[in-house]
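# A structural walkthrough
Here is what each chain is made of, one letter per residue.
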Amino acid sequence: MTIYSEQDAKAILDKAIKASVADECSATLGGSDEGNIRYALNSVSTSGFVSDCNLAVEVAFGKRTGTATTNRFDDASIREVVRRAEELAKLAPENPEFMPAIDKQSYRASATFNDKTAAVTPDYRASVAAACIEPCRKDKLTAAGFFTDSRDFMATANSKGNFGYQKSSDMDFTCTVRTDDGKGSGWVARNLGDVGQFDVGSDIRTAMDKARRSVDARALEPGKYTVIMEPAATAGLISFMMFNFDARQADEGRSFLSKKGGGNKLGDKLFDERVTMIADPWDAQAAVLPWDQSGLARERTTIIDKGKINYLHYSRYWAHKQGKQATGQPGNLIMAGGDKSTAELVKGTRKGVLVTRTWYIRMVDPQTVLLTGLTRDGTFYIEDGEIKYPIKNFRFNESPAIMLNNIEELGKPVRVKGDESSFVMMVPPMKIRDFTFTSLSDAV
Amino acid sequence: MDRRDFLKLSGAGLGSLLLPAFAGRVIAAEELLSSLDVATKKKLADVALQAAKAAGAKYCDVRIGRYLRQFVITRENKVQNVVNTESTGIGIRVVAKGTWGFAATSELTADAVAKAARDAVAIAKANAKVQSRPVDLAPVKGVGEVSWATPIVKNSMAVPIKDKVDLLLGVNADALKAGASFVNSMLFLVNEQKYFASTDGSYIDQDVHRIWAPMHVTAVDQQSGKFRMREGLSMPCGMGYEYLDGRKEDKVELPCGVTVYGNSYDLREDAVAAAKQARAKLTAPSVKPGKYDLMLDPSHTWLTIHESVGHPTELDRVLGYEANFAGTSFATLDKWKSKNFRYGSDKVTIYADKIAKGTLGAVGYDDEGVKTQQWDIIKDGILVNYQAIRDQAHILGLKASQGCCYADSWSNVQFQRMANISLAPGKDKLDPAQMIKDIEHGIYIVGDGSFSIDQQRYNAQFGGQLFFEIKDGKVAGQIEDVAYQIRTPEFWNSCVAVCDASDFRYGGSFFDGKGQPEQVSAVSHGSATARFNGVNVINTARSLG
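Reading guide: rules and limits
- Residues numbered from 1 in each chain as written.
- Chains lettered and ligands numbered in written order.
- Predicted model: local features only at pLDDT ≥ 70, side-chain atom pairs only at ≥ 80, totals over all residues.
- Helix = DSSP H or I, 4+ residues; strand = E, 2+ residues; numbered from the N terminus.
- Buried ≥ 20, exposed ≤ 12 C-beta atoms within 10 Å, placed from the backbone.
- Contact = placed C-beta atoms within 7 Å.
- Rg over C-alpha atoms; globule rule 2.2 N^0.38 Å.
- Core = buried A, V, L, I, M, F, W, Y, C linked by C-beta atoms within 7 Å.
- Nonpolar A, V, L, I, M, F, W, Y, C, P; charged D, E, K, R; others polar.
- Pairing = 2+ DSSP bridges.
- Axes fitted to C-alpha atoms, helices over the stretch in contact; angles between N-to-C directions.

## Section: the overall build of chain B
Looking only at helices and strands, chain B features 10 helices and 28 strands. Per-residue burial over chain B gives 59% buried out of 545 residues. In chain B, the proportion of contacts linking residues at least 24 apart, taken out of those at least 6 apart, comes to 75%.

Listed below in structure tokens is the structure:
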């Protein structure tokens, strides 16, 4: 069994905490069932199902800590894992940054679990693959895709009486459609909490349409362009930037959020005033667990307020050292936007480039968060509010810190996760001026 | 390299999670030295093979794996984490009704293993309904009961944790003394105890060891608000703890004044150099963009080879199996069939191997029981071959697999992964000091940095750790903000010289990601210092106002 009820999970965690003779004991129990199907060349290539559940026990004797894990939950195994953690703690050097176990927290449940998503079957996965492969085969197109779904739970407890339990579920779909002559490529991605909202028939048509329309791409000169970025095109750049929203890193002088002469840029206006980003574990479309990895309760937090840096994450140690209050690390990112769809943003554009997605994004210079990467699977030239013709892919060298100062218009945010972003985000399509493309790519 | 692992390892403000996300249970250090008994493994393998055949499998292979990993992670004067993990189980792959099926279990009892074998056959039969072409396996002759082990001198798992912690904290102290503002140093140690058996009549027991000692040194100038990082110049490799001996004969001083390392590594010495060089980076002049002749040290070139030759010549990518994730390849079958596709200049011979001593890819047999070998991918500039496994060999007209099959765990199905891919040294006598004399306007690059390449492997951009301007045959000084952009065939055709075998060294990737769900593998790439003429260099400095 990998998905325990709240009562059973609590019983296991209580046994572990009771078994410990250390000064403090914290334990987490997490389990998941994940199913997937993968297809390529219009044929199913692999399908799989993985179940796993693990108990992690961390104990402390003074400032010495030890951690051990197990996937067996009988009484003897629980005692054994606690004993191993205690042995490791006794052997460990003192940690000068040791922080005692968190106090009892108050967690307000968030809607991370969806019955329909949790009930996805192998037949359903096969039907998703078939719904992509069949229309592509008919239209001389080739589909390659991946559908994965998961149901899981997380429980946390410690010797100070803290306890939390919550179930989650998730589905993620990506599909690349290529023309049989290899001259065109389109892509679609969908990440949802509720599989009931998933319309594979509509999504696959988007990818097929992009594949057909991207054939015989023309070359434009690299340079600065007005771009319409679909949500998947900016999510990777923004998520890369968010790794820098750490107070310690900024205070240590090694972040674009460090201040010349010392300190950080908390309170400084760094972006266009239309840029507002919040973290909210209870967001209806992007819910996440109401606690972070350390067990601290998450709060609704405004990270960027009308272009101003309003929040940096303080780890418990750094908060203690700097005299700040530590709060739960955000688990999602919700960016404010407008009401327009990508198509409507295109309509209002005289000259520009439409970017479906960006890919292989890597840090070039952390000093300015300069990132490089490429457009992929559907890049088009826009003139007088219409898509005129497909263009060859570009390599960009751009900083999201600059990009978010060059906003012309924001559309309606949509949910994005996976691919180039590791956490769930609500990101609007964006119209951005002076986006820097530095070279052409022949890749289709 | 997988981006998320890279982020976790970069050590910059990433919260408390500094442990690479590998499955496995945490174990005590003494358990790292034990292994499963071969007779027990054979008995379990036979149970699986018989159960699969009885259920209707035409072919079956079994991998009983025990995967041990140890991570020691430090920053400045602190040990951030010491973790030992172990994952043991059995993966069973079958061909039934012309279709692959796979199942795995961590329960090593005869009943559980037989059930997993029957599950694998049932999955194969179910998937046969949507199979367009039956599996065509290149033959492999059974080798009976054999074994192979990485030729290590000192088992890393046997070195006490205290010694490892003392080494890393000593390294950090030296770096701080030499001017570093911050330093992270780590040890990643891997031992794969793999037992392979198949219906071809092979029972192969292998003991594979790998080691990596990454380090990041940061220098901060608070007044100017500038910071720069210099990463260590070690290579991850298929060796034991002896790699950290830092033997004198393995050190090379380059004409740009940087010390690089061959078959062993002096972590302390490199940490001190890194601190000084990171500080020098803070005031080094910014590069003037334009065309330069590049002189690339092997500590840098490995990553360019990996991205622009290793990946595009993986046959599954060429065929379209990775189209939705990693992408396809510009090195299409028609180019190979033409026998005259010029991938590079006649100075460029690039070979694949799974046998070179000390490399990450070296094993006796791959994960489908094929004896490992060496073969050419690009011969005197012409594309002549790919990297293939048993069910792909027929596509290339080969009578046998090249032995490129690998799975990162017993619980994942094995598939085509990159072999070691290396640039052959030049035939004429040439060392870096001689090479530099002929360069009028160039940049010497040491160490790997930022990297990005498109989904067909045409357009790439690479940074580095250290950059030196070359003027009129001499090093003119350290510069910064360098990245070069290439189109793969043009770049390899601009190669005008490769130093001789005396300068041949390896680099490599410990975490190369591929597949959905993603699996990691480790691979080495060797070269001697090489020169590329007229490459486009951009300036990466920006101002945030």
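## Some points on the overall build of chain A
In terms of helices and strands, chain A carries 10 helices and 19 strands. For 444 residues, the compact-globule estimate of 2.2 N^0.38 gives 22 Å, and the C-alpha radius of gyration of chain A, at 24 Å, lies within 12% of that figure. Over its C-alpha atoms, taken along the principal directions, chain A stretches across nearly 70 × 60 × 35 Å. Residues counted as buried form 55% of the 444 residues belonging to chain A. At a minimum sequence separation of 6, the contacts of chain A that also span at least 24 residues come to 74%.

## Topic: the nonpolar core
Formed by 267 residues in total, the largest nonpolar core has its most connected members in A48(B), A52(B), I92(B), V94(B), A117(B) and A120(B). The greatest single-element share of this core, amounting to 10 residues, is contributed by strand β6 (residues 182-198) of chain B. Ignoring any residue separated from it by four or fewer positions in sequence, one finds A117(B) in contact with A48(B), A51(B), A52(B), A55(B), C60(B) and I92(B). Core analysis: the next-biggest nonpolar cluster, separate from the first, contains 27 residues, Y4(A), L13(A), A22(A) and F153(A) among them.

## Some words on unusual backbone geometry
With omega at -5 degrees, the peptide bond leading from Q516(B) into P517(B) counts as cis. Mapped onto the fold, P517(B) is located in the loop between β26 (505-514) and β27 (519-527). One non-glycine residue, Y360(A), lies in the positive phi region at around 50 degrees. Tracing the backbone through its elements, the reader meets Y360(A) in strand β12 (residues 351-365). Assessed through the 23 C-beta atoms surrounding it within 10 Å, Y360(A) is described here as buried. The phi dihedral of E76(B) is positive, around 45 degrees, even though this residue is not glycine. Position of E76(B) relative to the elements: it lies in the loop between β2 (59-75) and β3 (78-96).

## Here's the deal with the interface of chain A and chain B
Taken residue by residue, the interface counts 73 residues in chain A and 51 residues in chain B. For the side of chain A that touches chain B, the element with the highest residue contribution is β12(A), accounting for six residues. Across the side of chain A that touches chain B, the residue classes break down as 22 nonpolar, 35 polar and 16 charged.

## Observations concerning the sheet that holds strand β17 (residues 414-418) of chain A
Residues and elements named next belong to chain A. Spatial ordering of the open sheet is given by β10-β9-β8-β11-β18-β17, a layout of six strands whose pairing is mixed. Strands at the two margins of the open sheet, each flanked by one partner only, are β10 (308-309) and β17. Pairing geometry for strand β8 (residues 277-279) and strand β11 (residues 332-335), over two bridges, is antiparallel. By the bridge assignment for β11, M277 is matched with M335. Helix-sheet contacts for helix α6 (residues 231-242) involve β11, β17 and β18 (421-427), and the interaxial angle to β18 is about 120 degrees.

## A short note on the pairing of strand β8 (residues 215-221) of chain B
Regular strands place their side chains on alternate faces of the sheet. Residues and elements named next belong to chain B. Burial analysis of β8 places six of its seven residues in the buried class, the great majority of the element. Inspection of the sheet shows β6 paired to β8 by four bridges, in the antiparallel sense. Considered in β8, the bridge of N184 is made with H216. Linking two consecutive strands that pair antiparallel, namely β8 and strand β9 (residues 226-231), is a turn of four residues; a positive phi of about 75 degrees is found at G225 within it.

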